[in-house]
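An overview of the molecular structure
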Amino acid sequence: MEMTLQLTIDCADPRKLVAFWSEALGYVPEPPPGGHATWREYWVALGVPEEELPAGAGDVPESIVDPAGHGPRIWFQQVPEPKAVKNRMHFDLKVGGGRDVPLEVRARRVAATVERLVAAGAGVLRTTDEPDAGQYAVLLEDPEGNEFDVV
């Protein structure tokens, strides 16, 4: 049996995170399957009772996919409770090119990505700039406070 991978992220506003993480990862919002106009319409066609679907659920895409088909599907699941503590899992967006690339070049690549993501709604939490150790990375948070690194 084949296994596929989906990453599920609990959140307050799937619409906001779909937009942000599509930009951050180069993913696209996942269209509803089978010619359905919305995911909600699809779920109802599958037999999911309307009373089990929160208001607005599935009216717009709540998941994103890698357009090349290589990365996992990411579903932003709306939950009632807010984020309370540091993430136990996070993304590392590796844009620098690795240690074979000169630190100055990696730092420029990281800075350009950080600038783009801040414009999309991210916040900068901390910059690690340690030339003697060959490190340059930026810790950010998405629009709902989920931490991730750009390295």
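This structure is a prediction, so every number in the text was calculated from the model and none was measured.

1. Structural notes on the overall build of the chain
Of regular secondary structure, the chain possesses 3 helices and 8 strands. Listing every helix and strand of the chain by position from the N terminus yields β-α-β-α-β-β-β-α-β-β-β. Dimensions of the chain, computed from the C-alpha atoms along their principal axes, are close to 60 × 35 × 30 Å. Sorting the 151 residues of the chain into buried and exposed places 35% on the buried side. Considering only contacts within the chain whose residues lie at least 6 apart along the sequence, 58% involve residues at least 24 apart. When the 14 positive and 25 negative side-chain charges of the chain are each reduced to one mean point, those points stand 7 Å apart.

2. Structural notes on the pairing of strand 1 (residues 6-11)
Across the two faces of strand 1 the burial differs, with Leu7, Ile9 and Cys11 buried and Gln6, Thr8 and Asp10 not buried at all. Of the strand pairs in this sheet, strand 1 and strand 4 (residues 73-78) are connected by 6 bridges, and their pairing is parallel. Paired with leucine 7 across the strands is isoleucine 74, a residue of strand 4.

3. Considering the sheet that holds strand 3 (residues 63-65)
Strands sit in the order 1-4-3-2 across an open sheet of 4 strands; the sheet is mixed. Strand pairing shows two members of the sheet lacking a second neighbour, strand 1 and strand 2 (28-29), which therefore form its edges. Where helix 1 (residues 14-25) meets the sheet, its contacts fall on strand 1, strand 2, strand 3 and strand 4, and the angle it forms with strand 4 comes to roughly 155°.

4. What about helix 3 (residues 103-119)?
Each turn of an α-helix holds 3.6 residues, which means side chains three or four residues apart point in the same direction. For helix 3, built from 17 residues, the straight-helix expectation of 24 Å at 1.5 Å per residue is met to within 8% by its first-to-last C-alpha distance of 24 Å. For helix 3, the full list of buried residues reads Leu103, Arg106, Ala107, Val110, Thr113, Val114 and Leu117. Relative to the axis of helix 3, the buried residues are bounded by an arc of 135° and lie together on one face. Exposed positions of helix 3 whose direction lies more than 90 degrees from the buried face are Glu104, Arg108, Glu115 and Ala119. As for helix 3, its buried residues are in contact with helix 1, strand 5 (91-93), strand 6 (123-130), strand 7 (135-141) and strand 8 (147-150). The positive-phi residue at the C-terminal boundary of helix 3 is glycine 121, with phi of around 125°.

5. Topic: the packing of aromatic side chains
Here the structure, examined in full by the defined rule, presents 6 aromatic pairs. Ring centres of phenylalanine 20 and tryptophan 21 lie 5.1 Å apart, and the angle between their planes is 90°; on these two criteria the pair is classed as edge-to-face. On the basis of relative accessibility, which here comes to 2%, the residue tryptophan 21 falls in the buried class. Ring geometry for tryptophan 21 against phenylalanine 91: centres 4.7 Å apart, planes inclined by 40°, an arrangement best described as tilted. Here tryptophan 21 is found in helix 1, whereas its partner phenylalanine 91 is found in strand 5, with 70 residues between them in sequence. Among the aromatic residues, those joined into a cluster by ring pairs are Phe20, Trp21, Phe91 and Phe148.

Parameters at a glance
Residues numbered from 1 in each chain as written. Predicted model: local features only at pLDDT ≥ 70, side-chain atom pairs only at ≥ 80, totals over all residues. Heavy atoms only, no water. Helix = DSSP H or I, 4+ residues; strand = E, 2+ residues; numbered from the N terminus. Buried < 20%, exposed > 50% of the residue type's maximum accessible area, 1.4 Å probe, protein only. Contact = heavy atoms within 4.5 Å. Lys, Arg positive; Asp, Glu negative; His and termini not counted. Charge placed at Lys NZ, Arg CZ, Asp CG, Glu CD. Pairing = 2+ DSSP bridges. Axes fitted to C-alpha atoms, helices over the stretch in contact; angles between N-to-C directions. Expected span 1.5 Å × (residues − 1). Arc of directions from axis to C-beta. Phe/Tyr/Trp six-rings, centres within 6.5 Å; stacked < 30°, edge-to-face > 60°.

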